[in-house]
Amino acid sequence: MNITRLIPALLACAAFQAASAATPPTTADLANMQGFRQAYQAMVTLPSWVMTAHATSVPVSDLSIGGKPYLLGHMCRQHNCAAEQLEVVFAKDHSAAWGLLSIKRNGPLKQDFLGAPDAEMQKILLKAYQDNNPAD
């Protein structure tokens, strides 16, 4: 084999490997890498009291939206209700649920909608939070 033909092929392979090594990982790659995986899972994991519904809660109330029946409820983290609360709307036909998780710890109030509520449902959840926290 002619060495002058082999050298360009080897250089091309080396250039390809260098370019591949310089390509940054994808977001999904990072989310699954040791170290990043723990931070990612902490970001997307709800507090355990929310996941298990092991919370202080009140009886639900009936709600009608567009002629459809719903149930509105409120619960909070045991022994820390002022800091961690969840407003929940359940469709009475069991088809869906939406929530507003409110957490206030050493700083401003952080609120996250759960279940992708539309604008009308967001207003209902925010009003429920205000009704349960009139001083805020």
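Here, the structure is the one placed above.
Parameters at a glance
- Residues numbered from 1 in each chain as written.
- Predicted model: local features only at pLDDT ≥ 70, side-chain atom pairs only at ≥ 80, totals over all residues.
- Heavy atoms only, no water.
- Core = buried A, V, L, I, M, F, W, Y, C linked by side-chain atoms within 4.5 Å.
- Buried < 20%, exposed > 50% of the residue type's maximum accessible area, 1.4 Å probe, protein only.
- Helix = DSSP H or I, 4+ residues; strand = E, 2+ residues; numbered from the N terminus.
- Disulfide = S-S within 2.5 Å.
- Salt bridge = Lys/Arg side-chain N within 4 Å of Asp/Glu carboxyl O.

**Brief notes about the nonpolar core**
Here's step 1: Formed by Ile65, Tyr70, Leu72, Val89, Ala91, Trp98, Leu100, Met121, Ile124, Leu125, Ala128 and Tyr129, the largest nonpolar core amounts to twelve residues.
Here's step 2: Mapped onto this core, the elements with two or more residues apiece are strand E3 (68-76), strand E4 (84-91), strand E5 (97-103) and helix H5 (119-132).
Here's step 3: Judged by nonpolar contacts, the second largest core, of eight residues, contains Trp49, Val50, Ala55 and Leu101.

**Observations concerning the state of the cysteines**
Here's step 1: Tallied over the full model, the rule gives one disulfide.
Here's step 2: Between the sulfur of cysteine 76 and that of cysteine 81 lies a disulfide, 1.8 Å long from S to S. Here the disulfide of cysteine 76 and cysteine 81 is right-handed, its torsion about the S-S bond being about 50 degrees.
Here's step 3: For cysteine 76, a relative accessible area of 4% puts it in the buried group.

**With respect to the pattern of salt bridges**
Here's step 1: Considering all chains together, one arrives at five salt bridges under this definition.
Here's step 2: Measuring nitrogen to oxygen at the nearest pair gives 2.9 Å for the salt bridge that ties lysine 92 to aspartate 62. One end of the pair, lysine 92, is in the loop between E4 and E5; the other, aspartate 62, is in strand E2 (residues 61-65), and 30 residues separate them in sequence.
Here's step 3: We classify lysine 92 as partly exposed; its relative accessible area is 39%.
Here's step 4: According to the relative accessible area criterion, aspartate 62 is exposed, its value standing at 59%.
Here's step 5: Across the salt bridge formed by glutamate 84 and arginine 77, the nearest N and O atoms sit 2.9 Å from each other.
Here's step 6: Residue classification places arginine 77 among the partly exposed residues on the basis of a relative accessible area of 37%.
Here's step 7: Each of Arg77, Glu84 and Arg105 takes part in salt bridges that share partners, so that together they form one network.

**Description of the environment of leucine 126**
Here's step 1: Checked against the element boundaries, leucine 126 lands in helix H5.
Here's step 2: Under the relative-accessibility criterion, leucine 126 is labelled partly exposed at 35%.
Here's step 3: The spatial distance from the C-alpha of leucine 126 to the C-alpha of serine 102 is 9.8 Å, given a sequence separation of 24 residues.

Read these as layout, nothing more, since geometry by itself doesn't imply function.
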